[in-house]
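Results of the structural survey
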Amino acid sequence: MKALRWKGLLPFVLISILIYVVTVFFMDVYLRRLLVKQGTRLNGALVEVDRLSLSFLQSRLTVRGLRAADPSELMKNRLELDKVVADFRFLPLLKKKFVIEEIAVEGVKWGTARKKAGAVPAAWQKEWAESAQHPSLLQSELAQWGQEVHAALPQLDLKQLGERFDPRQLVKVEELEAYRRATALPGEVQKIGEQWKNRGPALLAEKKQKIADLRRQVEALDPRRFKDPAAAIQAIQTVQNLKTEIEAQRQQLRDLRGEVQGSLNQGAALVQQARQGLDQDIANLKKKIGFADFQLDRLSETLFGLPTVQRYARYLEYYRQANRYLAKVQSGKKREPEPRRARGRTVRFPITDRTPSFLLAKLNLSADTRNNREVGNNYRGLYSALATSISSEPKWLPTPAEVELAAQMSGGAFQSAKLKATLDRRSEENRDTFGASVHGLRLAGMTLGGGGIFPIPLQNGVSDWNLTVALREETIQAEFSGDFQNLTYQFAAYPSANDVVKILREVLQTIDRFRLSISLAGPLHHPALRIQSTFDEALKNGLQKVAMQKVNEAQTKLEAYLRREIEGKIAAGQTLLAEKEKEILSAVESQWSQVNDLSTFADRRLRELKDQQLGSLKNKIPSDQVRDQAKDLRRRFGF
Amino acid sequence: MIILQQLFNLIKLLNSEKGEVSIAAGFALGMVLGFVPANALIIGAIFFFFCILRINGAAMFLAWPLFKLLAFPLDPLFDRLGYALLTWPALQSLWTKAYNAPLLPWTRFNNSVVAGSLAAGLILFLPALFFFRWLIRRYRESVWRRLSESKPMKVLKATTLYQWYEKYQNLKGVVS
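Note that the structure is predicted; figures quoted are calculated from it, not measured. (Residues numbered from 1 in each chain as written. Chains lettered and ligands numbered in written order. Predicted model: local features only at pLDDT ≥ 70, side-chain atom pairs only at ≥ 80, totals over all residues. Heavy atoms only, no water.)

Turning our eyes to something else, we now look at the overall build of chain B. Across its full length, chain B carries eight helices and zero strands. Helices and strands appear in chain B in the N-to-C order α-α-α-α-α-α-α-α. Within chain B, buried positions represent 41% of all 176 residues. Sequence-distant contacts, at least 24 apart, represent 77% of the contacts inside chain B between residues at least 6 apart. Per element, the accessible surface of chain B, about 10700 Å² overall, is 73% carbon and sulfur. (Helix = DSSP H or I, 4+ residues; strand = E, 2+ residues; numbered from the N terminus. Buried < 20%, exposed > 50% of the residue type's maximum accessible area, 1.4 Å probe, protein only. Contact = heavy atoms within 4.5 Å. Areas by Shrake-Rupley, 256 points an atom, 1.4 Å probe, with all protein chains shown as cover.)

Attention now moves to the overall build of chain A. Along the backbone of chain A there are 12 helices and 16 strands. Residues counted as buried form 36% of the 639 residues belonging to chain A. Residue pairs in contact within chain A that sit at least 24 positions apart in sequence constitute 64% of those at least 6 positions apart. A total of about 37300 Å² of accessible surface is found on chain A, and carbon and sulfur atoms cover 54% of it.

This part is about the packing of helix α6 (residues 177-220) of chain A against helix α7 (residues 229-288) of chain A. Residue and element names in this part refer to chain A. Taken N-terminus to C-terminus, the directions of α6 and α7 make an angle of 170 degrees; their axes are 10 Å apart at the nearest point. In terms of their interaxial angle, α6 and α7 are classed as roughly antiparallel. For the contact of α6 with α7, the residue count by class is 20 nonpolar, seven polar and nine charged. (Axes fitted to C-alpha atoms, helices over the stretch in contact; angles between N-to-C directions. Parallel < 35°, antiparallel > 145°, perpendicular 65-115°, else oblique. Nonpolar A, V, L, I, M, F, W, Y, C, P; charged D, E, K, R; others polar.)

Residue and element names in this part refer to chain A. A cluster of nonpolar side chains, V13, I17, L18, Y20, V21, V22, V24, F25, F26 and L57, forms an exposed patch at the surface whose accessible area comes to about 1000 Å². Within the fold, V13 resides in helix α1 (residues 9-43). A residue is classified by how much of its surface remains accessible, and V13, at 42% relative accessible area, is partly exposed. (Patch = residues over 30% accessible without salt bridge, like charges linked within 9 Å, V, L, I, M, F, W, Y side chains within 5 Å. Salt bridge = Lys/Arg side-chain N within 4 Å of Asp/Glu carboxyl O.)

Moving on: the pattern of salt bridges. Residue and element names in this part refer to chain A. Per the stated rule, a full pass over the model turns up 28 salt bridges over all chains. Between D82 and K109 there is a salt bridge, and its shortest N-O distance comes to 3.3 Å. Taken as a pair, D82 in strand β3 (residues 73-88) and K109 in strand β4 (residues 98-109) lie far apart in primary sequence, 27 residues in all. On the basis of relative accessible area, K109 is assigned to the partly exposed category, the value being 29%. Overlapping salt bridges bring together R275, D279, E559, R563 and E567 as one network.

What follows covers the packing of aromatic side chains. The tally for this structure, following the rule as stated, stands at 17 aromatic pairs over all chains. The interplanar angle of 10 degrees and the centroid separation of 6.3 Å between the aromatic rings of F349 of chain A and F109 of chain B together place this pair among those described as stacked. One end of the pair, F349 of chain A, is in the loop between α9 (306-330) and β5 (358-370); the other, F109 of chain B, is in the loop between α5 (92-99) and α6 (112-148), on a second chain. Judged by its relative accessible area of 5%, F349 of chain A falls in the buried class. Aromatic pair F50 of chain B and F61 of chain B: ring centres 6.1 Å apart, planes at 75 degrees, arrangement edge-to-face. Within this pair, whereas F50 of chain B is found in helix α3 (residues 40-52), its partner F61 of chain B is found in helix α4 (residues 57-86), the two being separated by 11 residues in sequence. A relative accessible area of 46% means that F61 of chain B is categorised as partly exposed. Following the ring pairs from residue to residue traces out a cluster consisting of F12 of chain A together with F47, F48, F49, F50, F61 and W64 of chain B. (Phe/Tyr/Trp six-rings, centres within 6.5 Å; stacked < 30°, edge-to-face > 60°.)

Turning our attention to the interface of chain B and chain A. Counting residues at the interface gives 40 residues for chain B and 31 residues for chain A. A combined buried area of about 3200 Å² lies between chain B and chain A, and 61% of that area is made up of carbon and sulfur atoms. Considering only the surface of chain B that becomes buried against chain A, R54, N100 and W106 of chain B emerge as the three largest contributors, covering 21% of it. There are one salt bridge connecting chain B and chain A. The salt bridge involving D79 of chain B is made with R345 of chain A; its shortest N-O contact spans 3.0 Å. Connecting chain B to chain A are eight residue pairs in polar contact (both at pLDDT 80 or more). Those elements that provide at least two residues to the side of chain B that touches chain A are α2 (20-35), α3, α4, α5 and α6 of chain B. No other element matches the nine residues that α4 of chain B contributes to the side of chain B that touches chain A. Residues of the side of chain B that touches chain A, tallied by class, amount to 25 nonpolar, nine polar and six charged. (Buried area = accessible area lost by both parts, 1.4 Å probe. Polar contact = N/O pair within 3.5 Å; in protein donor to acceptor, adjacent residues only side chain to side chain.)

Once that is clear, we can look at unusual backbone geometry. Not every positive phi belongs to a glycine, and S59 of chain A is a case in point at roughly 55 degrees. Summarising the element assignment, S59 of chain A is placed in the loop between β1 (47-55) and β2 (60-70).

Residues and elements named next belong to chain A. Mapping A86 onto the fold places it in strand β3. The exposure class assigned to A86 is buried, which follows from its relative accessible area of 13%. Once the C-alpha coordinates of A86 and T62 are considered, the two residues, 24 residues apart in sequence, prove to be 6.3 Å apart. If we ignore the near neighbours within four places in the chain, the residues touching A86 are S59, R60, L61, E102 and I103.

Now for the packing of α1 of chain A against α3 of chain B. The interhelical angle for the contact between α1 of chain A and α3 of chain B, taken along N-to-C directions, is 145 degrees, at an axis separation of 7 Å. On α3 of chain B, the residues that touch L9, F12 and I15 of chain A of α1 of chain A are G44, F47, F48, C51 and I52 of chain B.

Turning our eyes to something else, we now look at the pairing of β2 of chain A. Each regular strand shows side chains that alternate between the opposite faces of the sheet. Residue and element names in this part refer to chain A. Across the 11 residues that make up β2, a large majority, eight, are buried. As paired elements, β1 and β2 share eight bridges and run antiparallel to each other. Pairing of E48 across the sheet is with R67, part of β2. A loop of four residues connects β1 with β2, the two strands running antiparallel in sequence, and S59 in this loop sits at a positive phi of about 55 degrees. Counting the residues in the hairpin turn of β2 and β3 gives two residues. (Pairing = 2+ DSSP bridges.)

The end-to-end C-alpha separation of α2 of chain B is 23 Å, in line with the 22 Å expected for 16 residues at 1.5 Å each. Among the 16 residues that make up α2 of chain B, 15 are buried, leaving the element largely enclosed by the rest of the structure. (Expected span 1.5 Å × (residues − 1).)

So, about the confidence of the model for chain B. All names here are of chain B. Averaged over every residue, the pLDDT of chain B is 84; residues scoring 70 or more account for 85%. Ranking the elements of chain B by mean pLDDT puts helix α1 (residues 2-14) last, at 65, and α5 first, at 92. Under the prediction, the complex receives an ipTM of 0.72, its pTM being 0.48. (pLDDT = per-residue confidence, 0-100.)

For the rest of this paragraph, the subject is the environment of L363 of chain A. All names here are of chain A. Relative to the assigned elements, L363 resides in strand β5. According to the relative accessible area criterion, L363 is partly exposed, its value standing at 24%. Considering only alpha carbons, one finds L363 and E101, 262 residues apart in sequence, at a separation of 8.5 Å. Discounting chain neighbours no more than four positions away, the residues touching L363 are I103, V105, A385, L386 and A387.

Residue and element names in this part refer to chain A. Tracing the sequence through the fold places V218 in helix α6. Spatially, the C-alpha atoms of V218 and A602 are 6.2 Å apart, while their sequence positions differ by 384 residues. Setting aside anything within four residues of it in sequence, one finds V218 in contact with L242, I246, F601, A602 and R605.

Moving on, we get to the confidence of the model for chain A. Residue and element names in this part refer to chain A. Here chain A averages 74 in pLDDT, and 65% of its residues register 70 or above. Across residues 145-157 the pLDDT falls below 50, and counting only partners more than four positions away or on other chains, this stretch makes 25 contacts in the model. In this model, residues 486-497 is a region of pLDDT below 50 whose contacts with residues beyond four sequence positions or in other chains number 23 contacts.

In structure tokens, the structure reads:
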């Protein structure tokens, strides 16, 4: 019997072909589903991929239409990529090495609108919730970091003050006590008027009737009618009684006048209270506009606002995480998948083929954004990123890894900018260097020219400055020093709509010459910012001056707004009160003068009656008798 | 259906006078497959040998799960054996070459369990082959002979149904 059966090769070849065909046809579907699901899990919102194709013959992976929804705004995409093409080398794959010749990303967009909400499917959420009981290290760290980021509280942005300050954003005038009082004031005054109307006119009419009645009675006691001394004395007695009654009426009117005056004074007090309340509210609200903790260390928050600072802190965190995991790969701590049955031990052998286990030879990314709603309708930004020689074993590569980010903008803060980083980790000590060049940067009205790289000596004719950045493991050491002198501000030539630039320009306007040093040092997730300057006091004073100016402007605006809204109402209440006062007091005063007139009239009539009686006595009886009778009259009636 | 047919073929072959090496090789290769942790490349290689060598498939597929069950308790042994082999200085150049060769790194041969079980399988392949051949001979000489000469079997062979079956088998053999 022959041991070999060559015919058996046929089924082997057929089955191998079948496996290849099935792989080719279903790998795309499998990879697409894998990318969508794992991408969604990482993103926290739906990730969609229109098409994915993997070609082993061309050694190319193509992804088209990748959209990652924004978890905080599900109707928006956080990121959208039109096309991603990755060219890899096939042969190193056989040696378990991933060598990517180039990844080209085209059509990068962000913030685009979605047709459907990008919520995570419920089934996936359930599945992940079960596995979330054992989160990965990365997940735990990100969660913890997320808590840290959202714990901070905002201060008022400087850029929100000044011209753009809107008091209505700070306070709802309807909720102020002064507004409520001012609004209620006319009602209160009206109430005083109503109270008077209910009682006053009737009372006054009654008084008027009584006074007229008394006047008639006094008028009826004409001295010429009383020839008889006994009748005359009787008349004097009657007038004296009437006088007592008139005095009583007068007293009642006095009381009424006092009562009315009290009510009117109460109305005036309400007006006064409303005014005081307004002043108090204005003073309290003014205190809210300001910088309670105006410190240079927190300058970035004050100037740019917390969201902006948080955004850049997040970018730093992304870098930190990337650096952390990249370092793991480099140090060879990567864990290989274990056999299912038993873990065993993995033995490593010297690598004679110096092809890295992972090599990304080139990453090319381009983005074209137009009319960004946050920047303006005339905005266009062309962004590109190029990374080369990103590898798990950088020491085998002849050149260090390089990353270059470039941006060209129109309608933005600068014309073009380039950031370049060289990540040289081919020796024990990392020798990363970073550099930047900027052209047409509109900063504080100046246009700065670009220069070299690593470190960056930039010269623009008016100032020399220097920036060095060094990253060691998870720490950053960045220093900037600049000698600013003979600055020529071209404010008119570069009017910028950017609030921050406008503020910086105003600050720099207060300073003629200074040397500035800024350093950012410490752990990447919590670097400390230090600003020092030969003129730092001037800078600080300038900042404070501008800030206070903005605060004052805002406070004035707030006061004007509140006075406009509330004082009008108070004035209306006051006018109404004056009208009521005039109306009520005139009515009372009229009766008051009537009763006074009557009193005077009664006095006169009494005097006339007395004089008449004395005269008649002089004519009719002897002087001794007259004297006696006069004494008697004096004793009895007091004259 | 195919598995059942293979099983019937195995029983038929066992009970015939030929193919003892083929059956024994099937069992031995099934043992190797059972020992080694699941790995597409190793399984592919064994399948290649299965295709070009005269090996009884039914025996291999029968032995595979049985030896897989046996492999679980043997894993600590495989681990020790594999680690000893992988760290044996004399073999370092071989392993280094294999580590840097195409495809071989995908077999995860540098894992002690994979290396140990594969080595154990390969070392035990020939002894297992001879052992299974001896076992088949013993079976045919004692068990099958006694069974075929037993009264129930004779009664069965005398039935019309069995004779029809034998005719069908003969015709099938002529056609194929």
